[in-house]
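So you can see what is in the structure, the chains are spelled out below.
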Amino acid sequence: MSSTLPGDAPLTLPTTLTIKTIVSVQELILDFLNKNPAAVLDIDEAAQVDLSFVQLVMAARKQAEARAGRVLLARPASGDLYDVLKRGGFLDGMTPDAAHFWLHQEKN
Amino acid sequence: MTNPDPISVFRTEAAELLEQIESGLLDLTRSLDDRDQIDAVFRGLHTLKGSGAMFGFDALAAFTHHCETAFDRVRKGDVPATHELVSAVLSAQDHMRALLETPNGDHDAMSAALLDGLHRAVNGAGSPAPAAVAATAAPVAEAAGGLSEWRIRFSLPVNAMANGTNPLGLLDEMRDLGECRIVADTAKVPELSALEPRDIHIGWDVTLKTERPRADIEDVFIFVMDDMELEITEVAVERATAEAKPAETPIAKAVVVAERDAPAVQAANDSKQAKSAENVRVPAERLDEMMDRVGELVIAQSRLTQLAGTAADLGLRSVSEEIERLSGELRDTMMVLRMMPVASLFSRFRRLVHDLSRETGKEIELITEGESTEVDKTVIDRLADPLVHLVRNSIDHGLEKPEERIAAGKEAKGQVILSAHQTGGEVIITIKDDGRGINRERVRAKAESSGIIQPGATLTDQDLLQLIFQPGFSTAQAVTNLSGRGVGMDVVKKTVEALRGTIDIASKPGEGSEVSLRIPLTLAIIEGLLVRVGQGCYVIPLSAVEECLELSLEDDLRSRGRSFISLRDSLVPFLRLRELFRTGTQPDPHQKVVVISTGSERVGLVVDQIIGDHQTVIKSMSKLHHDVDTFSGATILGDGSVALILDVTHLVAAGQQQEAQLRAAG
């Protein structure tokens, strides 16, 4: 994991992160962010992911940053998550900040 | 308030989608080359497949996929739309309903049989050899003339994912068109607490190099085109050869068109968004609950009015009048909320007639009229089955085979006309055919042999025709799966009467039959005329009241034994409700006659006092009173007492019977 700080609390997410379960995942993250300023999302490499989850993570980042908190990924995107990022056009033209967040690439 | 179950929402939306698909297929049967209908059916099948898969209805999605593929081939011109193909997809569509309702049922055998039929319909329609497909594809590439670079910016309708569209699939389709650079735009994604997570707020900016024409790019968005924001701009053209003619769509022109169209597209999008914001889907049971509450409010308001009427407090009276006005308006608004156009009822008969036409070999044209007429939702729900029986009977018993019709000097194609119109507080739904008409001799013979009437009994024509609504009555010589089992017409009558409606029937030999259902517009609250008979109060539905007259004691005494009043040169029979209800009280010195009617029949009801109009919340009678046909229900008055609501139909029938007996007695 890159750039974690003391106080960053891990949040293990379920293995289905698709539109079928997205409402409960939203509640889970919201609840966690209400209790913790920072969340380190632990996403199983074999987790099922679709675009709704990628959007949810972006919304969570926005919310955390607006409240001086932060959201991180426990490990670089892989498996389904990486595939969705690629197919969804998130990798083309990715900003250094986004590359750092999703892929744990170092910012230059 | 809890969120609606997404599976249940999907089922509702899928059922609507299936209705749209069915409607599109039936329209196609009239014009097989209608491109708009072909596209609409394809879009419907595609959406059903996508959303079915998303909500875990895998069998539905897999089955629908085959129908979608078949229609995709039609859409692309690979195979023509034929009646066989449309019928195969209609049958498949029924199976989709079953897959939707019982996704875990054993549907494999049926699925296989239907898909076999579908494939035969497609292949029978002339599936072109691969070489032929290649030959038709070639000119498209030629027409494009070379490689173009396109800039495509789009954002999907916010509910696209929830409705089953997979945005990644659209992006994949775009990549299939050529070299593609796709960049997601996440600027509009809100903060987590403001996000409805099934909505989509991501947009895309795509640069595509392709030889394919603009139409192919637009085709990617065919299912969401109506509600999305889409901007396609051709930014560069690379000609394939130096001698190539100037591009048919020059860059400047494309840009101008895009700019010129932009405000119009934006306006259309705004209008669509505004429209979608104007509609809210509400479960019917919530409307029923609300109607009950309004009913209770009307009763409470009635009590308040009564109290205020006896109080000297002017302020109380003023508030009472204000509340009376407001509760009346609330009631009217509530009534409108429950109203639905009968079009939703009539539309299902197109399929029925289509199927029966194929089943019976009869050529049938279904004509619907007055589809915008609105009726209470409960009435629509309850009328569906009776109307199915009536339409089936018209087709099975009424309409002749084409050769028989031609021999009788008629068009080979028979007509069934379904119409609706409103008169006062009633809606009249008519089922009319131009068939052979009802065979009265056969009706009489059957009724006599079944013991329904005595041999040689004297009956009016209407009474004779009404015999077909008797339980177990059927004149069909052969039992078919359409009708002829004697089950149905009696159920039709019971259902209509349970709705406080009536059935009239008319028939001319060789010309056809007409069945008219008169149904009250609403079942919950009616405007009534409150009257007193003896010590009891009764409500007469105001929609049936024609006029009120005074019956002097002298007139009353003079008319004893005759029970007719002379009303503008016509004799109207009347019933003394005091005698009918055996009140055991003396008549008031100034009795009143309330003349009521249903259709052309009229009867007078003699009451002691007319109290006035009354908003009547209808309460059902208990099961113990189900066989009391003089009353259709009860209501609670302002002082907490109960008033019975008179069943006008039965009272008029009783009056007419009395008239007939008196006439027979001379």
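Residues numbered from 1 in each chain as written. Chains lettered and ligands numbered in written order. Predicted model: local features only at pLDDT ≥ 70, side-chain atom pairs only at ≥ 80, totals over all residues. Heavy atoms only, no water.

Comments concerning the overall build of chain B
Each helix and strand in chain B was counted, giving 20 helices and 21 strands. Counting across all 666 residues of chain B, residues that qualify as buried make up 42%. Within chain B, contacts between residues separated by at least 24 positions form 70% of all contacts whose residues are at least 6 apart in sequence. Total accessible area computed for chain B in this model is approximately 33,900 Å², and 52% of it derives from carbon and sulfur atoms. (Helix = DSSP H or I, 4+ residues; strand = E, 2+ residues; numbered from the N terminus. Buried < 20%, exposed > 50% of the residue type's maximum accessible area, 1.4 Å probe, protein only. Contact = heavy atoms within 4.5 Å. Areas by Shrake-Rupley, 256 points an atom, 1.4 Å probe, with all protein chains shown as cover.)

Digging into the UniProt feature "modified residue: Phosphohistidine" (unreviewed entry) in chain B
All names here are of chain B. UniProt feature "modified residue: Phosphohistidine" (unreviewed entry): in the numbering of this structure it lies at H46. Looking at the element boundaries, H46 is found in helix α2 (residues 35-54). Taking the relative accessible area as the measure of exposure, H46 reaches 24% and is therefore partly exposed. Excluding residues within four positions of it along the chain, H46 makes contact with E68 and F223. (UniProt positions renumbered as here; feature names shortened; annotations may be inferred.)

Looking at the sheet that holds strand β6 (residues 364-369) of chain B
Residues and elements named next belong to chain B. Strand order in this open sheet of five strands is β6-β8-β9-β11-β10, and the pairing throughout is mixed. At either margin of the open sheet sits one strand with a lone partner, and together these are β6 and β10 (502-508). Averaged over all neighbouring strand pairs, the angle between strand axes comes to 15°, with direction disregarded. Of the strand pairs in this sheet, strand β9 (residues 426-433) and strand β11 (residues 512-520) are connected by seven bridges, and their pairing is antiparallel. Residue pairing across strands places I429 opposite L517, the latter belonging to β11. (Pairing = 2+ DSSP bridges. Axes fitted to C-alpha atoms, helices over the stretch in contact; angles between N-to-C directions.)

Comments concerning α2 of chain B
Residues spaced three or four apart along an α-helix face the same direction, because each turn holds 3.6 residues. All names here are of chain B. The terminal C-alpha atoms of α2 lie 28 Å apart, and with 20 residues this matches the ideal 28 Å at 1.5 Å per residue to within 8%. When α2 is considered as a whole, its buried residues turn out to be Q37, I38, D39, V41, F42, G44, L45, L48, S51, G52 and M54. Regarding α2, its N-cap is D34, as a side-chain oxygen of that residue lies 3.0 Å from the backbone nitrogen of D36 further along. Phi turns positive, to about 85°, at G56, one or two residues after α2. (Expected span 1.5 Å × (residues − 1). Polar contact = N/O pair within 3.5 Å; in protein donor to acceptor, adjacent residues only side chain to side chain.)

Thoughts on the nonpolar core
With 103 residues, the main nonpolar core has F53, L81 and W102 of chain A together with I152, F154 and W204 of chain B as its most contacted residues. Formed jointly, this core draws a minimum of three residues from each of two domains, domain 1 (6-127) and domain 2 (138-275) of chain B. In contact with L81 of chain A, not counting residues within four places along its chain, are I43, V49, F53, V54, L73 and W102 of chain A. Judged by nonpolar contacts, the second largest core, of 46 residues, contains L390, V391, L418 and L465 of chain B. (Core = buried A, V, L, I, M, F, W, Y, C linked by side-chain atoms within 4.5 Å. Domains from an automatic or database assignment.)

Looking at helix α11 (residues 314-338) of chain B
All names here are of chain B. The terminal C-alpha atoms of α11, which comprises 25 residues, lie 36 Å apart, in line with the 36 Å expected from a rise of 1.5 Å per residue. What α11 keeps buried is the set S320, S327, G328, R331, M334, M335 and R338. Its side-chain oxygen at 2.9 Å from the backbone nitrogen of G315, D313 defines the N-terminal cap of α11.

Considerations on the environment of S641 of chain B
Its location among the elements puts S641 of chain B in the loop between β20 (631-636) and β21 (642-646). In this view, S641 of chain B contacts T635 and I636 of chain B; residues no more than four positions away in its chain are not counted.

Digging into the packing of aromatic side chains
Enumeration according to the criterion identifies seven aromatic pairs over all chains in this entry. Judged by centre distance (6.1 Å) and plane angle (15°), the rings of Y538 of chain B and F631 of chain B are stacked. One end of the pair, Y538 of chain B, is in strand β13 (residues 536-541); the other, F631 of chain B, is in strand β20, with 93 residues separating them in the sequence. Assessed through its relative accessible area of 11%, Y538 of chain B is described here as buried. Take F631 of chain B: its relative accessible area is 14%, and that puts it in the buried class. By the ring-pair criterion, three or more aromatic residues cluster together here, those being F154, W204 and F221 of chain B. Seen from the ring of F101 of chain A, R61 of chain A lies directly overhead, with NZ or CZ sitting 4.1 Å from the centre. (Phe/Tyr/Trp six-rings, centres within 6.5 Å; stacked < 30°, edge-to-face > 60°. Lys NZ or Arg CZ within 6 Å of the ring centre and 35° of its normal.)

Things to note about the interface of chain B and chain A
A common way to state how big an interface is: give the accessible area lost once the parts meet. Between chain B and chain A, the contact holds 30 residues from the first and 27 residues from the second. Taking both sides of the interface into account, the surface hidden between chain B and chain A amounts to around 2,400 Å²; carbon and sulfur atoms contribute 62%. Counting the surface chain B buries against chain A, the share from its top three residues, L168, L192 and P197 of chain B, is 30%. Scanning the region where chain B abuts chain A turns up two salt bridges. Between R67 of chain A and E191 of chain B there is a salt bridge; the shortest N-O distance is 3.5 Å. Here chain B and chain A share 17 residue pairs in polar contact (both at pLDDT 80 or more) between them. Among the elements of the structure, α7 (167-177) and β2 (179-185) of chain B are those that each provide at least two residues to the side of chain B that touches chain A. By residue number, the principal contributor to the side of chain B that touches chain A is α7 of chain B, which donates six residues. (Buried area = accessible area lost by both parts, 1.4 Å probe. Salt bridge = Lys/Arg side-chain N within 4 Å of Asp/Glu carboxyl O.)

Some points on the sheet that holds strand β1 (residues 9-12) of chain A
Residue and element names in this part refer to chain A. Spatially, β1-β3-β5 is the arrangement adopted by the three strands of the open sheet, whose pairing is parallel. If you trace the sheet from one side to the other, it starts and ends with β1 and β5 (70-73), each paired once. Across this sheet, the average inter-strand angle for adjacent strands is 30°, counted without regard to direction. By the bridge criterion, four bridges tie strand β3 (residues 38-42) to β5 in an arrangement that is parallel. Opposite L41, over in β5, you have L73 as the bridge partner.

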